[in-house]
Amino acid sequence: MNKLKHNTTILFAGFAALLGTATITGCGSSEGKTEAKKETTEAVAPALETISLSKDKLSSIFTSPAELIAYQQVDIYAKEAAFVKKMNVDVGTEVSAGQLLTQLEAPELTSRIAAAESRLKSQEAIYLASKANYDRLYKTSLTPGTVSPNDLDQALARMKADEAQLEAAKAANKEVTIIRDYLEIRAPFSGVISARNVNTGAYVGPSGKGSELPLFTLQEQKHLRLVISVPELYTSYLSHKNEVEFSVKSLANQTFKGSVKRLSGALDTRLRAERIEVDVINDNKKLLPGMIAEVHIPMPAQDSSLVVPKSTVLNSTTGVFVIRVNNNKAEWVTVQKGREADGKVEIFGKLTPGDNLIANATEEVRDGSTIKTTPKKN
């Protein structure tokens, strides 16, 4: 019996020793995992690189599509309803100012002219008769008692009335003569006929009264306008000194140059852009009205501004920000972007030169969070 108790005591002591060893081993393993986890956490959060904010002059080149249009262009209609008698030009004809383009005929106009001339001659005769009558009465009235003052006054009034009628007849005759001149349609300026919509014998008239389409379209093609729409962001850098380079797809190996001649001085309400124009001399007519050009306008900086690398600017769903470091705290600062060039961008906001900004801004750096930083190496 004593021997059995002794053996049981030994077995229990051995089991307790084995359990203690296992417990110590388990505790050592847990402490090792905690230390490994701490080392891993410290490795995932390295120091963030920062840059010092400074001012600089940023020069850029504005690139945009533009349109070439004729320096002058006009749709030519008939002033009076008439028939086309003769066509002197066709599409592609180069004309000079004042050249006869087409002749029209209006048979009823001949009758109007004859009636106006007849009325004019009649009024001239009436006026001459009344004037002669007044002159005779006036000379007679110089002898006292021969002509009553009332008769003389009536003769004078009749003469003035006939004179007024004569002036009206002259005006009516002149009007008909001017209308006759409209039957000869001449070029208002030198250019090229780019469209012709009628043939001999066609009935024509003013727009909507005989003609839905113009007789001709005349364009000045040796002198063109390059029309560019410049967004609001770039309008403050524009002036009449800006040089412009442009190219067109049909002449890809050639570059054309010009300078800004006209600025509209207002923004288009639809595009929110300012219209500017460049005069283009096109004596060889290689460039055609309606071509789309690719333009490049150098825009040198006028004043220094805050300039940062593009990576410093954070484009978030809630706005545009830079992340400033203030006492090891991240501070999101709202900014507006200006021009961009060579990987840099102008920014405008509540910032001052010398502020430290996160060089590579991301949304992972929360506003107000504590961060470690290190200056970025150049």
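Going by the annotation in an unreviewed UniProt entry, the name recorded for the protein chain is RND family efflux transporter, MFP subunit, with Filimonas lacunae given as the source organism. Regarding the protein chain, the relevant UniProt record gives this comment under Sequence similarities (unreviewed entry): "Belongs to the membrane fusion protein (MFP) (TC 8.A.1) family."

Visitor: Help me understand the overall build of the protein chain, please; the structure alone is not making it clear to me.
Guide: Across its full length, the protein chain carries three helices and 23 strands. In the protein chain, buried positions account for 33% of the 378 residues. Considering only contacts in the protein chain between residues 6 or more positions apart, those separated by 24 or more positions represent 76%. Element-wise, carbon and sulfur atoms account for 53% of the exposed surface of the protein chain, whose accessible area totals about 23,700 Å².

Visitor: Is there a simple way to think about the environment of Glu212 in this case?
Guide: Along the chain, Glu212 falls in the loop between β10 (203–204) and β11 (216–219). Look at Glu212 and you get exposed, because its relative accessible area is 68%. Between the alpha carbons of Glu212 and Tyr77 there is a distance of 9.5 Å; along the sequence they are 135 residues apart.

Visitor: It is not clear to me how the environment of Ser369 should be interpreted in this structure. Could you clarify?
Guide: Here Ser369 lies in the loop between β22 (356–358) and β23 (373–375). Residues Ser369 and Val325 lie 44 residues apart in sequence; the distance between their C-alpha atoms is 10.0 Å. In contact with Ser369, not counting residues within four places along its chain, are Asn328, Lys329 and Ala330. Of the polar contacts made by the side chain of Ser369, one reaches the backbone oxygen of Arg366; its length is 2.7 Å.

The rules behind these values
- Residues numbered from 1 in each chain as written.
- Predicted model: local features only at pLDDT ≥ 70, side-chain atom pairs only at ≥ 80, totals over all residues.
- Heavy atoms only, no water.
- UniProt positions renumbered as here; feature names shortened; annotations may be inferred.
- Helix = DSSP H or I, 4+ residues; strand = E, 2+ residues; numbered from the N terminus.
- Buried < 20%, exposed > 50% of the residue type's maximum accessible area, 1.4 Å probe, protein only.
- Contact = heavy atoms within 4.5 Å.
- Areas by Shrake-Rupley, 256 points an atom, 1.4 Å probe, with all protein chains shown as cover.
- Polar contact = N/O pair within 3.5 Å; in protein donor to acceptor, adjacent residues only side chain to side chain.

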